[in-house]
Amino acid sequence: LPAIFTPARPVLQKIEQAGFEAYFVGGCVRDTILGDPIHDIDIATSAYPSEIKAIFKRTVDTGIEHGTVMILDHGTGYETTTFRTESGYQDYRRPDKVTFVRSLAEDLKRRDFTINALALRENGEVIDLFDGLTDLKKHLIRAVGDPNERFHEDALRMMRAVRFASKLGFMIDPATLAGIKQNAPLLAKIAVERIQVEFEKLLLGQQPVSGLKDFIATGLYQYCPGLADQKDALSGLLVLNNWQLANTQQAWAMICVQLGLTGQQIGRFLKQWKTSNDLIKQVKKIVPLVASLRNNTLSAMDLFEGGWQAVQDANQVAKLYGWVKDDSEIENQYQALPIKSSKELAVDGRTLIVDGQLKPGPLLGKVLNDLTRAVVQGQLTNDRETLLATARQLAEEKG
Ligand code: ATP
Ligand code: MG
């Protein structure tokens, strides 16, 4: 077992010594067998939450109604979830009731895909009830059990299938793919926030074109905010090579660029997707910068107003389209800005008021803007006396 499991092994041993079963499950098992890096470890156990809490001194109730307790051991937290079945799927959404069970098989059966339904014992033994190992070898995403039924139970699984296709670069098994095609309209029943998580993971995966191809071919896109009639625009993404995005704001900016959204349309689109206000703010900065890169009109003022983060994000998006500037060229251009924030201006509102030429009000703001712009564009040196003299002149002209 990879080193990341080593400190967790005693935790599983302790549960077993108390007479229960405990396994590593889910993504960490799949990724270990694939030789991919693991970001978190999930543990499933036959012990009920109260029993886990009796075994370990330090625990946190992170989701006790779903059977999840975090065990704290040597400064690390381990999410431990009691084996469970899910029942009462209503409205094609995740069930409102979970039932704790003592059988690992029952727990694995409720999982979405065979490659996600593997369990790993502390001693390295793999439990594979659904041929997940074969599918891992064949690079296949295949539903556990009947795809139709499974997507009826929880329609989000269809988005999960396409995001794993992207994350792993796997194919979706034909029967599972057919199940998605048939049930795609059920996605409309799922909370947008949950679709958003999977869509972002799709866009940020290793093989996004592979996941996106399935997202389009199955018709899932039709049940996503703002994408219903965008098949052509989305398909345009399939021909991009060198798709390499580093974060969510780049991913959303790329989608906005691809859909041809500008100005207010960007905020409206992203609000439908219920992304955070902070993300909307970022994307609104990035998209116009991408346009400037595309048109080769990127100005000092664009760089100044966008800020370094948005400039880097925009350049990354532009790269996908081949509208790229050299990273070092754009960095030099940014570094060459005389000031990088209005805080660096040699005068501020107070200085101008004390100087006696201007009173608080709209004119003051205008003059400061003009000074900032002139300094950014290199028309004025950022020096107190120069700026004060110019401010006096502007105040007279405009006042
Ligand atoms: P990642 O590396 O992206 O976190 P993961 O496989 O760990 O991948 P999670 O969303 O963290 O994915 O879910 C953990 C496990 O829980 C999955 O591997 C799967 O076994 C199960 N699971 C999660 N969501 C569902 C679902 N909607 N239906 C069935 N099983 C699910
Ligand atoms: Mg996970």
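Residues numbered from 1 in each chain as written. Chains lettered and ligands numbered in written order. Predicted model: local features only at pLDDT ≥ 70, side-chain atom pairs only at ≥ 80, totals over all residues. Heavy atoms only, no water.

A. Examining the pattern of salt bridges more closely. Summed over all chains, the structure comprises 20 salt bridges. Note that arginine 157 is salt-bridged to glutamate 153, the shortest N-O span being 2.8 Å. Using a relative accessible area of 4% as the deciding quantity, one classes arginine 157 as buried. Salt-bridge contacts for arginine 392 lead to aspartate 355; the nearest nitrogen and oxygen are separated by 3.0 Å. One end of the pair, arginine 392, is in helix α19 (residues 384-398); the other, aspartate 355, is in the loop between α17 (349-354) and α18 (362-376), with 37 residues separating them in the sequence. With relative accessibility at 24%, the residue aspartate 355 sits in the partly exposed group. In the salt-bridge network here, residues are joined through shared partners; they are Arg84, Glu86, Asp107, Arg110 and Arg111. (Salt bridge = Lys/Arg side-chain N within 4 Å of Asp/Glu carboxyl O. Buried < 20%, exposed > 50% of the residue type's maximum accessible area, 1.4 Å probe, protein only. Helix = DSSP H or I, 4+ residues; strand = E, 2+ residues; numbered from the N terminus.)

B. Representation of the packing of helix α9 (residues 192-203) against helix α12 (residues 248-259). Orientation of α9 relative to α12, taken along the N-to-C sense of each, is 90°, at an axis distance of 10 Å. Compared by their axis directions, α9 and α12 come out roughly perpendicular. The residues of α12 that touch α9, namely those facing Gln196, Phe199, Glu200 and Leu203, are Thr248, Ala251, Trp252, Met254 and Ile255. Taken together, the residues of the contact of α9 with α12 sort by class into 6 nonpolar, 2 polar and 1 charged. (Axes fitted to C-alpha atoms, helices over the stretch in contact; angles between N-to-C directions. Parallel < 35°, antiparallel > 145°, perpendicular 65-115°, else oblique. Contact = heavy atoms within 4.5 Å. Nonpolar A, V, L, I, M, F, W, Y, C, P; charged D, E, K, R; others polar.)

C. Expanded view of the nonpolar core. Phe24, Phe199, Phe215, Met254, Phe269, Leu352 and Leu371 are the most contacted members of the largest nonpolar core, which has 115 residues in total. Tallying contributions element by element places helix α15 (residues 300-321) first for this core, with 10 residues. Not counting residues up to four positions away in its chain, the partners in contact with methionine 254 are Leu203, Leu237, Trp243, Leu245, Val317, Leu320 and Tyr321. (Core = buried A, V, L, I, M, F, W, Y, C linked by side-chain atoms within 4.5 Å.)

D. Inspection of the site of ligand 1 at higher detail. Around ligand 1, the structure places 16 residues, and the nearest of them are Arg30, Asp154, Arg157, Arg160 and Arg163. Residue glycine 27 places a main-chain N or O atom 3.4 Å away from an oxygen atom belonging to ligand 1. One of the side-chain N or O atoms of histidine 39 is found 3.0 Å from an oxygen atom in ligand 1. When ligand 1 is considered free in solution it has 590 Å² of accessible area, and contact with the protein chains removes 80% of it. Secondary-structure elements contributing two or more residues to the shell around ligand 1 are α2 (27-34) and α7 (156-168). Its residues placed into classes, the shell around ligand 1 shows 1 nonpolar, 4 polar and 11 charged. If you count residues domain by domain, the shell around ligand 1 takes at least three from each of domain 1 (1-135) and domain 2 (139-239). (Near = heavy atom within 4 Å. Polar contact = N/O pair within 3.5 Å; in protein donor to acceptor, adjacent residues only side chain to side chain. Areas by Shrake-Rupley, 256 points an atom, 1.4 Å probe, with all protein chains shown as cover. Domains from an automatic or database assignment.)

E. Quick peek at the domain arrangement of the chain. Assigned domains of the chain: these are domain 1 (1-135), domain 2 (139-239), domain 3 (241-337) and domain 4 (342-398). With 24 residues of domain 1 at the interface, the matching set in domain 2 holds 24 residues. Regarding the contact of domain 1 and domain 2, the summed buried area is about 2,000 Å², with carbon and sulfur atoms giving 56% of it. Ranking the residues of domain 1 by area buried against domain 2 places Tyr92, Phe113 and Asp135 at the top, with a combined share of 37%. For the interface between domain 1 and domain 2, the tally reads 3 salt bridges. Where domain 1 packs against domain 2, one counts 10 residue pairs in polar contact (both at pLDDT 80 or more). By residue number, the principal contributor to the side of domain 1 that touches domain 2 is α2, which donates 3 residues. Per-class residue counts for the side of domain 1 that touches domain 2 are 8 nonpolar, 3 polar and 13 charged. (Buried area = accessible area lost by both parts, 1.4 Å probe.)

F. Structural view of the side chain of serine 166. Along the chain, serine 166 turns up in helix α7. We classify serine 166 as buried; its relative accessible area is 0%. With sequence-adjacent residues up to four places away left out, serine 166 is seen in contact with Lys201, Leu202, Gly205, Gln206, Gln207, Pro208 and Gly211.

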